[in-house]
Amino acid sequence: MYVAQPIKWTEHGVVMLDQRRLPAEEVSYTYTDYREIAKAIREMVIRGAPAIGVAAAMGAALGVLHSQAISVEALRAEFTEICETLAKTRPTAVDLFWALERMKRRFAELTSKSSDLGTIRQGMVDEAKQIHLEKKATDQAIGSFGAEFMPSEGQVMTQCNAGALATAGIGTALGVIRVAFEQGRKIHVLVPETRPYLQGARLTAWELHKGGIPLTLITDNMAGHFLKSGKVGAIVTGADRIAANGDTANKIGTYQIAVLAKENNVPFYVAAPVSTFDLSIADGEHIPIEERSADEVTHLQGVRIAPDVHAAHPAFDVTPARYIAAIFTERGVARAPYIDSLRALAASRDTVATARSY
Ligand code: MRU
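Residues numbered from 1 in each chain as written. Predicted model: local features only at pLDDT ≥ 70, side-chain atom pairs only at ≥ 80, totals over all residues. Heavy atoms only, no water.

> Honestly, the pairing of strand 6 (residues 215–218) in this entry has me stumped. Any pointers?
For a regular strand, the rule is simple: side chains alternate between the two faces of the sheet. In terms of strand pairing, strand 5 (residues 186–192) meets strand 6 through four bridges, oriented parallel. Directly across from Leu-190, in strand 6, lies its bridge partner Thr-216. Each parallel crossover has a hand, and for strand 5 linked through helix 8 (residues 199–211) to strand 6 it is right-handed. (Pairing = 2+ DSSP bridges. Helix = DSSP H or I, 4+ residues; strand = E, 2+ residues; numbered from the N terminus. Right-handed = clockwise from strand over helix to strand, strands pointing away.)

> What is the right way to read the domain arrangement of the chain from this model?
In many reports, interface size means the accessible area that the parts give up when they come together. Under the domain assignment, the chain is made up of domain 1 (7–139) and domain 2 (143–347). The distance between the C-alpha centroids of domain 1 and domain 2 comes to 26 Å. Contacts between domain 1 and domain 2 engage 30 residues on the former and 33 residues on the latter. Roughly 2,600 Å² of surface becomes buried between domain 1 and domain 2 when both sides are summed, with 53% attributable to carbon and sulfur atoms. (Domains from an automatic or database assignment. Contact = heavy atoms within 4.5 Å. Buried area = accessible area lost by both parts, 1.4 Å probe.)

> Please explain the side chain of Arg-47 as it appears in this structure.
Residue placement: Arg-47 occurs in the loop between helix 1 (34–42) and helix 2 (49–65). The buried charged residue Arg-47 lacks any salt bridge, with Glu-207 as its nearest oppositely charged partner at 6.0 Å. Among the polar contacts made by the side chain of Arg-47, one reaches the side chain of Gln-19 at a distance of 3.1 Å. Here Asn-161 takes part through its backbone oxygen, which lies 2.9 Å from a polar atom of the side chain of Arg-47. Aside from chain neighbours lying at most four places away, what touches Arg-47 is Gln-19, Ile-52, Arg-90, Cys-160, Asn-161, Leu-165, Ala-166, Gln-199 and Leu-203. (Buried < 20%, exposed > 50% of the residue type's maximum accessible area, 1.4 Å probe, protein only. Lys, Arg positive; Asp, Glu negative; His and termini not counted. Salt bridge = Lys/Arg side-chain N within 4 Å of Asp/Glu carboxyl O. Polar contact = N/O pair within 3.5 Å; in protein donor to acceptor, adjacent residues only side chain to side chain.)

> Just to check I follow, could you spell out the sheet that holds strand 3 (residues 28–31) for this structure?
Two pairing modes exist for strands in a sheet, parallel and antiparallel, and in both the strands are linked by backbone hydrogen bonds. Strand order in this open sheet of three strands is 1-2-3, and the pairing throughout is antiparallel. Since the sheet does not close on itself, it has two edges, and those belong to strand 1 (7–10) and strand 3, each with one partner. Adjacent strand axes in the sheet meet at a mean angle of 20 degrees when their direction is disregarded. Both strand 1 and strand 2 (residues 13–17) contribute to a ladder of four bridges, which runs antiparallel. In the sheet register, Ile-7 faces strand 2, and the bridge partner there is Met-16. Relative to strand 1, helix 2 is tilted by about 25 degrees, and along the sheet it contacts strand 1, strand 2 and strand 3. (Axes fitted to C-alpha atoms, helices over the stretch in contact; angles between N-to-C directions.)

> I tried to follow the site of the ligand on my own but got confused; where do I start?
The ligand sits among 19 residues. The nearest are Arg-47, Arg-90, Asp-240, Asn-250 and Lys-251. Between the ligand and Ala-49 there is a distance of 2.9 Å, counted from an oxygen atom to a backbone nitrogen or oxygen. In this structure, Gln-199 approaches the ligand through a side-chain N or O atom, which is 2.9 Å from an oxygen atom. Calculation on the ligand without its partners gives an accessible area of 410 Å², and the protein chains cover 99% of this total. Counting residues per element, the ones that place at least two in the shell around the ligand are helix 2, helix 6 (164–167) and strand 9 (248–251). A breakdown of the residues in the shell around the ligand according to their chemical character gives eight nonpolar, seven polar and four charged. (Near = heavy atom within 4 Å. Areas by Shrake-Rupley, 256 points an atom, 1.4 Å probe, with all protein chains shown as cover. Nonpolar A, V, L, I, M, F, W, Y, C, P; charged D, E, K, R; others polar.)

This is the structure in structure tokens:
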């Protein structure tokens, strides 16, 4: 089945598919400068929490690889600057910061063992590629755990795009749907278009269509109508950051779907890797919400659709844990009370088997 490849490390540089141009055109660019990777993350060439993490890790590796430093001290100073630049791109998805922390740990390990710059550079490239490989294995495991909760037949709703484009694996929410579909479940996906950026219409519809999974595209304001129909067996979305109590930030519009799900007795599930947990924050009140340009609300693909008035664009919202029936991760399924189950999963050993070659 078709799996999109949003990012790949190659001998020429980091190749990324420009998601801003989908579904009209499939255009990829090769990046050799970490600053360009930072710009690409900010400008949504690549988006989706785990995929942003992979891009940041590869950006950090690129920065070290192409650094002109001739001593470990100079390289360390430059690496700090590289990580700060990449960290300033998007604030909500914690995978970005998780990936940079991991690259920092690897840098510290490598420089404590060797002062050979070639060894350090290669070690950083290997670590970024390893993160990408692990994301692929993680998605497969999330898919296997979550598929059990999908109906054997009927409609499943999602929100935004939590597919291969968003994770650099098979997807989290769409990974669950994909595995369930491959198991023979007769699933039909309801895809809200996800205004204002249209990740549902442009990306999820594109991925599902290419993968041969049946779908119906709906506008965001149709979600309640369909949830009330009694035909939707489950909802599964991704996550950008999950607080210690289970409150979950995801694409704007997720919260209203979760509330409508409760009202209509439809289980609302979240699928996300453990790297999306942020146990340092008690609840969703502390999750930073990215405020994007209001032009993305007043304009559609560059065409003005509203008068020149004030518009708001919070890019994410927070779904309180009480609306979430379960959280699927690569280490198992978390249930309420999340304060205990998330902590237990975070502390448990990673059982994801990772391919050894990139
Ligand atoms: O602004 P985006 O497109 O980066 O937002 C993406 C989402 O909100 C996804 O649902 C989330 O990152 C989970 S992706 C597996």
